[in-house]
Amino acid sequence: DVKVTQSSRYLVKRTGEKVFLECVQDMDHENMFWYRQDPGLGLRLIYFSYDVKMKEKGDIPEGYSVSREKKERFSLILESASTNQTSMYLCASSTRLAGATYNEQFFGPGTRLTVL
Amino acid sequence: SQQGEEDPQALSIQEGENATMNCSYKTSINNLQWYRQNSGRGLVHLILIRSNEREKHSGRLRVTLDTSKKSSSLLITASRAADTASYFCATAAFGSGNTGKLIFGQGTTLQVKP
């Protein structure tokens, strides 16, 4: 079974703090994604990565950065947390291997971040 | 940008009834997928339908795709209380295979009353 783990289920931070959200997958997937989920807005893509050290902006990258130094780990960084970044953050991964279900994503359990 | 729009936003039915959710999208796609999310958890893949398919079944799930109308529907038959969750459609655009990028709809919240 594919397993995607996120470092914390719940996190409370203060405005201005630097926040790291970690995501690890154990299936050697090439692609990894960070989303945020807010009521009524669905999932919005923040950043994604299709290879080690490669990253691409999603729909809402402002205020965030990412790091992918190893294939299995994709980190989301809030350089200076703000209250409007209070949200549920979801990490996902997928493979490009031939024969795999095209673009099927496997999700972690999510991190609910509160910025005070 | 979110290209998937789902309808209805919320649905409440009795156990045993069927639940139908609809999804519309804007661009040409390679495939369309449906995911389920239990409250406060991550999403789980349910079913995928390719652009050259019109209907697909998996257990109590039936998915249809109409590429001319750029729409899809998910039917859950004989619903159970355990089907209570949010359901999302997601589209994979042509050429997105290298990045694996999906575009998710806003979701339909289904409540099945026992």
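Overview of the structure. Everything numeric in this text was worked out from a predicted model, so none of it was measured.

A short note on the state of the cysteines
A full pass over the atoms with the stated rule returns 2 disulfides over all chains. There is a disulfide in this structure between A:Cys23 and A:Cys91, and the S-S distance comes to 1.8 Å. Its S-S torsion of about -75 degrees marks the bond between A:Cys23 and A:Cys91 as left-handed, since a negative value means left-handed. Placement of the pair is A:Cys23 in strand E3 (residues 19-25) and A:Cys91 in strand E9 (residues 87-94), with a sequence separation of 68 residues. In this structure, A:Cys23 and A:Cys91 share a single accessibility class: buried. Shown here is the disulfide that connects B:Cys23 with B:Cys89, its sulfur atoms set 2.0 Å apart. For the disulfide bridge between B:Cys23 and B:Cys89, the dihedral angle about the S-S bond is near 65 degrees, and by the sign convention the bridge is right-handed. Residue B:Cys23 is found in strand E3 (residues 19-24), and its partner B:Cys89 is found in strand E9 (residues 85-93); the two are separated by 66 residues along the sequence. The two residues B:Cys23 and B:Cys89 agree in class, both being buried.

Focus: the side chain of A:Ser87
All names here are of chain A. Structurally, Ser 87 is set in strand E9. Polar side-chain contacts of Ser 87 include one of 3.5 Å to the side chain of Arg 36. Ser 87 has contacts with Arg 36, Gln 37, Asp 38, Thr 111, Arg 112 and Leu 113, leaving out every residue within four places of it along the chain.

Considerations on the sheet that holds strand E7 (residues 64-70) of chain A
Residue and element names in this part refer to chain A. Pairing is antiparallel in the open sheet, where 4 strands are placed in the order E1-E3-E8-E7. With partners counted over all chains shown, the strands left at the sheet margins are strand E1 (4-6) and E7, one partner each. Geometrically, the sheet is characterised by an average inter-axis angle of 20 degrees between neighbouring strands, direction not taken into account. By the bridge criterion, 6 bridges tie E3 to strand E8 (residues 73-78) in an arrangement that is antiparallel. The residue bridging Glu 22 from the neighbouring strand is Ser 75, located in E8.

Things to note about the pairing of strand E11 (residues 111-115) of chain A
All names here are of chain A. The alternating pattern of E11 places Thr 111, Leu 113 and Val 115 on a buried face and Arg 112 and Thr 114 on a face that is not buried. When strand E2 (residues 10-13) meets E11, the two strands line up parallel, connected through 4 bridges. Looking at E11, one finds that Lys 13 is bridged to Val 115. For E9 and E11, the ladder comprises 3 bridges, and the chain directions are antiparallel. Along E11, the bridge assignment pairs Ser 87 with Leu 113.

Calculation rules
- Residues numbered from 1 in each chain as written.
- Chains lettered and ligands numbered in written order.
- Predicted model: local features only at pLDDT ≥ 70, side-chain atom pairs only at ≥ 80, totals over all residues.
- Heavy atoms only, no water.
- Disulfide = S-S within 2.5 Å.
- Helix = DSSP H or I, 4+ residues; strand = E, 2+ residues; numbered from the N terminus.
- Buried < 20%, exposed > 50% of the residue type's maximum accessible area, 1.4 Å probe, protein only.
- Polar contact = N/O pair within 3.5 Å; in protein donor to acceptor, adjacent residues only side chain to side chain.
- Contact = heavy atoms within 4.5 Å.
- Pairing = 2+ DSSP bridges.
- Axes fitted to C-alpha atoms, helices over the stretch in contact; angles between N-to-C directions.

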